[in-house]
Amino acid sequence: MTTERTRPLLIVEDDLALQKQIKWSLDRFESITASDRASALQQLRKNTPAVVTMDLGLPPDADSVSEGFKLLQEILTFDPDIKVIVLTGQNDQANALRAIALGAYDFFAKPFDPELLTLTIERAFRLFDLQQENRRLRSLQHPAALAGLLTRDSEMLRTC
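Residues numbered from 1 in each chain as written. Predicted model: local features only at pLDDT ≥ 70, side-chain atom pairs only at ≥ 80, totals over all residues. Heavy atoms only, no water.

Asker: Hey, could you run me through the overall build of the protein chain in this one?
Answerer: Assigned secondary structure in the protein chain consists of six helices and five strands. Against the compact-globule benchmark of 15 Å for 160 residues, the protein chain has a radius of gyration of 21 Å, which places it well outside the compact range. Overall size of the protein chain, expressed as C-alpha extent along the three principal axes, is 75 × 30 × 25 Å. Residue burial in the protein chain is summarised as follows: out of 160 residues, 41% are buried. Long-range pairs, those at least 24 residues apart, make up 56% of the contacts in the protein chain with a sequence separation of at least 6. Total accessible area on the protein chain is roughly 9700 Å²; 53% of this is exposed by carbon and sulfur atoms. Where the 19 positive side-chain charges of the protein chain centre and where its 23 negative ones centre are 6 Å apart. (Helix = DSSP H or I, 4+ residues; strand = E, 2+ residues; numbered from the N terminus. Rg over C-alpha atoms; globule rule 2.2 N^0.38 Å. Buried < 20%, exposed > 50% of the residue type's maximum accessible area, 1.4 Å probe, protein only. Contact = heavy atoms within 4.5 Å. Areas by Shrake-Rupley, 256 points an atom, 1.4 Å probe, with all protein chains shown as cover. Lys, Arg positive; Asp, Glu negative; His and termini not counted. Charge placed at Lys NZ, Arg CZ, Asp CG, Glu CD.)

Asker: Explanation requested: the pattern of salt bridges in the structure shown.
Answerer: Here the idea is simple: oppositely charged side chains can pair when their charged atoms come close. Tallied over the entire structure, the rule returns 10 salt bridges. Its salt-bridge partner being glutamate 13, residue lysine 110 comes within 2.9 Å of it at the nearest N-O pair. Placement of lysine 110 in the loop between strand 5 (106–109) and helix 5 (114–140) and of glutamate 13 in the loop between strand 1 (8–12) and helix 1 (16–25) is noted, with a sequence separation of 97 residues between them. Exposure class is identical for lysine 110 and glutamate 13. Each is buried. Lysine 110 is the salt-bridge partner of aspartate 55, the closest N and O atoms lying 3.2 Å from each other. Taken as a pair, aspartate 55 in strand 3 (residues 51–55) and lysine 110 in the loop between strand 5 and helix 5 lie far apart in primary sequence, 55 residues in all. Just as aspartate 55 is buried, lysine 110 falls in that class too. (Salt bridge = Lys/Arg side-chain N within 4 Å of Asp/Glu carboxyl O.)

Asker: Hey, could you run me through the packing of helix 2 (residues 37–47) against helix 3 (residues 66–78) in this one?
Answerer: Axis angle and axis distance: for two packed helices, these are the angle between their axes and the distance between the axes, and together they describe the pair. Remark: helix 2 packs on helix 3, axes separated minimally by 10 Å, with the N-to-C direction vectors making an angle of 15 degrees. Classified by the angle their axes make, helix 2 and helix 3 are roughly parallel. In the packing of helix 2 onto helix 3, the handedness of the crossing is right-handed. In this structure, helix 2 contributes Arg37, Ala40, Leu41, Leu44 and Arg45 to the contact, and helix 3 contributes Glu67, Lys70, Leu71, Glu74, Ile75 and Phe78. (Axes fitted to C-alpha atoms, helices over the stretch in contact; angles between N-to-C directions. Parallel < 35°, antiparallel > 145°, perpendicular 65-115°, else oblique. Left-handed = near helix turned anticlockwise from the far one by under 90°.)

Asker: Would you mind going over helix 3 with me for this structure?
Answerer: A turn of α-helix holds 3.6 residues, and therefore any two residues three or four places apart point the same way. End to end, helix 3 covers 18 Å across 13 residues, agreeing with the expected 18 Å (1.5 Å per residue, within 8%). For helix 3, every residue scored as buried is listed here: Glu67, Gly68, Phe69, Leu71, Leu72, Ile75 and Leu76. Turning to helix 3, the residues buried within the fold contact strand 1, helix 2, strand 3, strand 4 (83–88) and helix 4 (93–102). (Expected span 1.5 Å × (residues − 1).)

Asker: What should I look at first to understand the environment of glutamine 132 in this one?
Answerer: Structurally, the position occupied by glutamine 132 is in helix 5. It is 8.5 Å that separates the C-alpha atoms of glutamine 132 and aspartate 81, two residues lying 51 residues apart in sequence.

In structure tokens:
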């Protein structure tokens, strides 16, 4: 199993000072950053992170949440198992709840407690790993020996 330090965490934040602060506060993770939807999608394809933190207000209209919601949907279309943690403004609970309804893992209001965010990210990595392991184990199960057998013979049906 890999550690948080060797696995990418994607941080999507258009405010570069805040982006740097978030990256610094989450220094136990191998963080990669993006400042808009296009660069986030590029990093997503290049690094395939298990966990993403993202702001909803992204360029070209940082005062709107439309780019953030588009990005959220594109991330979850790329891989529905990616855990997306939305970082929102303090008075943005309606959008945070909308993000959860669309499939985000969790949300935090800015300013956030770095320790709580770290714990949530660690939990998100663990859940992602458990889901991957569960999928792997299910793929190893052998189908029933008679699965897919088609017959009209009453004796064969009784035997099966």
